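# What the coordinates show
Residues per chain are reported as follows:
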Amino acid sequence: MLQQEFKTPKDWLAIKTIDMHTGGEPLRVILSGFPELKGNSILEYRRYIKDNYDYLRTSLMYEPRGHADMYGCILLPSNDEDDADFGILFMHNEGYSTMCGHAIIAISTLAVEMKWIEVQEGKNTLKIDAPCGRILSFVNVKNGSIESVCFHCVPSFVVALDCSIIIPELGKLTYDLAYGGAFYAYVDLTKNNLNLSLSAQNYRKIIDLGMTIKHAVMESNKDILHPFESDLSFLYGTIFSDVPNNKNNDLRNVCVFADGEVDRSPTGSGVSGRVAIEHARNSLSKNKTLSIESITDSVFKCAMIEETIYGQYNAVIPEVSGSAHITGMHTFLIDPKDPMKNGFIFR
């Protein structure tokens, strides 16, 4: 019989992960093998990994271990170990995002499945420190199985409604600028008379236009400033919206973020900003639910549960619900002699 196990050489790095998806959007959860990160807060850990171990991000997100649209996270100590369950850092093809709703839904699911918390029947509450702040998530367990998962996002707010930019090949476009843990430019296809179907067949066109709009907004709008943290003051992506394919939903939502990644889910931080926009337009009352579908037709349900003040902004606390699933367990090996050990990326 052929040998079944490979003995990892001592000078190789072995990183263990559990892979998941939320609404089709991947999440690679790094469990062990990653070098220790130094810092006293999630933002400090974020700076440290960026300065010292960014090559491991590319090793795990890029090919041949990942792909152009891969997404991952690493679990860390929380900002306040006595009050939170754990901290989390998000990573993707461009770097490290400030908030990720699909990852929060997935990691909350995994925390219950792996018994990282004391699981009980009914509602289980997790406190998770992300770069954007403290996130509360809730996993409802019935007869020992997960029935539903939702989270309360950080205060989400509108920076401006009905802004405009000029795109040479399209002319004038209007967009809303809002924050739901990250800043997005929201572009309504119908309002802008854009002939672009938000379908998988138009994947490449959606990426190209999304990135064109993102760079145009970054050049023209200087109001992308977080009230408290300069590290959070950047435009993360473009979110296109259109009428839903399923008449039971309220909206179709496709997000192009980072360096041209397309979110397969409706985007947790993106729909949080959408809740803020709808509230600002007086079209979303408290506890009214919006059903928002993605490019894969997966659905997040979201609502506004509370109004608040956040710095100079009138803000809301959104609630977002969805479901996640485990797809595999992996031990990724990094051979120091491999010329492609740090990964490569094709689009």
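Rules of the game
Residues numbered from 1 in each chain as written. Predicted model: local features only at pLDDT ≥ 70, side-chain atom pairs only at ≥ 80, totals over all residues. Heavy atoms only, no water. 1 Å grid on protein atoms, 1.4 Å probe; cavity = no way out; pocket = protein on both sides within 12 Å on 5 of 7 lines; lining within 4 Å. Points joined across faces, edges and corners; volume = space filled by probe spheres on them. Helix = DSSP H or I, 4+ residues; strand = E, 2+ residues; numbered from the N terminus. Nonpolar A, V, L, I, M, F, W, Y, C, P; charged D, E, K, R; others polar. Pairing = 2+ DSSP bridges. Phe/Tyr/Trp six-rings, centres within 6.5 Å; stacked < 30°, edge-to-face > 60°. Lys NZ or Arg CZ within 6 Å of the ring centre and 35° of its normal. Core = buried A, V, L, I, M, F, W, Y, C linked by side-chain atoms within 4.5 Å. Buried < 20%, exposed > 50% of the residue type's maximum accessible area, 1.4 Å probe, protein only.

The next thing to look at is empty space enclosed by the protein. In total, this model carries one cavity of 30 Å³ or more according to the counting rule given. By volume, the largest cavity is sized at about 80 Å³. As for the largest cavity, its lining consists of 14 residues, and the residues nearest its centre are Cys100, Tyr184, Tyr236, Asp263 and Thr267. Sorting the residues of the lining of the largest cavity by element identifies helix H3 (101–113), strand E12 (251–257) and helix H5 (268–280) as the ones contributing at least two each. Taken together, the residues that form the lining of the largest cavity break down as seven nonpolar, five polar and two charged.

As a further point, take the pairing of strand E9 (residues 171–179). In the sheet, strand E8 (residues 156–167) pairs with E9 via eight bridges, with the strands oriented antiparallel. Its bridge partner being in E9, Ala160 is matched across the sheet by Leu177. Connecting the antiparallel pair E8 and E9 is a turn made up of three residues. Here E9 pairs with strand E10 (residues 183–188) via four bridges, running antiparallel. Looking at the pairing, Tyr179 lines up with Phe183 of E10. Connecting E9 to the antiparallel partner E10 that follows it, the hairpin turn spans three residues, and Gly181 within it adopts a positive phi of roughly 105°.

This part is about the packing of aromatic side chains. One pass over the full model with this rule turns up 17 aromatic pairs. In this structure, Arg57 is placed above the aromatic ring of Tyr96, and the distance from its NZ or CZ to the ring centre is 5.6 Å.

The subject of this paragraph is the nonpolar core. One finds Phe90, Ile213 and Phe240 to be the most contacted residues of the largest nonpolar core, which totals 90 residues. For this core, the element with the highest residue contribution is H3, accounting for eight residues. Ranked by size, the runner-up nonpolar core spans 20 residues in total, among them Leu37, Tyr45, Leu56 and Met91.

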